[in-house]
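Listed here are the chains, written in short residue letters.
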Amino acid sequence: MKTLQAGLQFLRSQFMQRQPPRVLKKPPRRRYRSPYPVPRKIIKASPQPVKSQSQPPLSFELQSSVRMLQQRTRDGWRRLESQASHINQLSTELEAALLELKAIASQVNADWTTLQKMQHSSTQAIIPNVCEYQITKLPLVQYKPLGVFLLTSRSVDLFKAEREATVLAQVLRRRTRRK
């Protein structure tokens, strides 16, 4: 607070001693006006004696703005990390929902196929699947060692469970044949 009061006193003493500036006549009009202001007169400041102060009078404002920027940066990093974690969590939940959709579609498809065969036993119509699948990607946020977040995507393997079940069935069949 003392530094701030000393700075204000310094500014008052410097600017109260000066005479009000003279009013200049308007220059004659030109055809082309520059969008940038043209200086009329350059005023050289007289060198002021340097007082032995440890900090300049306005250092309080600079320090508070630096602290405020540091705090905003820390808060921003926390929010960024939180949002990246939230996106990854939603991505995991979405993958589980897609796998559940596929399981439901498989059950509905089996039931529908059976129903169609029972109702139309004489016709040999090809019954399409109720759901078709294409390669699906989900968002993923990675944190690189250099302190950079990378927004990318990852593929979802909807048929992984079937492949694993097939491999497990083959392994079990081989074991039973050996005995």
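Preceding this section is the structure that the text describes.
Residues numbered from 1 in each chain as written. Predicted model: local features only at pLDDT ≥ 70, side-chain atom pairs only at ≥ 80, totals over all residues. Heavy atoms only, no water.

## Some details on the pattern of salt bridges
Note on pairing: side chains with opposite charge can pair once their charged atoms come close. Across all of its chains, the model carries four salt bridges by this definition. The partner of R154 in a salt bridge is E95, and the shortest N-O contact between them spans 3.0 Å. With R154 in strand β2 (residues 149-156) and E95 in helix α2 (residues 59-119), this residue pair connects regions lying 59 residues apart in the sequence. Judged by relative accessible area, R154 falls into the partly exposed class, the value being 23%. A salt bridge links K102 to E162, with the nearest nitrogen and oxygen atoms 2.3 Å apart. Taken together, the positions of K102 in helix α2 and E162 in helix α3 (residues 160-178) put the pair 60 residues apart, joining distant regions of the chain. Accessibility expressed as a relative area gives 5% for K102, which makes it buried. Judged by its relative accessible area of 36%, E162 falls in the partly exposed class. (Salt bridge = Lys/Arg side-chain N within 4 Å of Asp/Glu carboxyl O. Helix = DSSP H or I, 4+ residues; strand = E, 2+ residues; numbered from the N terminus. Buried < 20%, exposed > 50% of the residue type's maximum accessible area, 1.4 Å probe, protein only.)

## Focus: the environment of A84
You can see A84 is positioned in helix α2. Between the alpha carbons of A84 and L140 there is a distance of 8.2 Å; along the sequence they are 56 residues apart. Discounting residues that sit within four places of it in the chain, A84 has contacts with V141 and F149. (Contact = heavy atoms within 4.5 Å.)

## Thoughts on the pairing of β2
Note that strand β1 (residues 136-143) and β2 share eight bridges and pair antiparallel. Paired with V141 across the two strands is L151, which belongs to β2. Linking β1 to β2, which pair antiparallel, is a turn of five residues; within it G147 sits at a positive phi near 90°. (Pairing = 2+ DSSP bridges.)

## Focus: the packing of aromatic side chains
By the definition in use, this model includes three aromatic pairs. Here the aromatic rings of W77 and F149 are separated by 5.9 Å at their centres, their planes lie at 35°, and the arrangement is tilted. Linking W77 in helix α2 with F149 in strand β2, this pair joins segments that are 72 residues apart in sequence. A residue is classified by how much of its surface remains accessible, and W77, at 35% relative accessible area, is partly exposed. On the basis of an interplanar angle of 85° and a centroid distance of 5.5 Å, the ring pair of Y133 and F159 is categorised as edge-to-face. Within this pair, whereas Y133 is found in the loop between α2 and β1, its partner F159 is found in the loop between β2 and α3, the two being separated by 26 residues in sequence. We classify Y133 as partly exposed; its relative accessible area is 27%. A network of ring pairs unites the aromatic residues W77, Y143 and F149 as a single cluster. Lying over the aromatic face of Y133, K102 brings its terminal NZ or CZ to 5.6 Å of the ring centre. (Phe/Tyr/Trp six-rings, centres within 6.5 Å; stacked < 30°, edge-to-face > 60°. Lys NZ or Arg CZ within 6 Å of the ring centre and 35° of its normal.)

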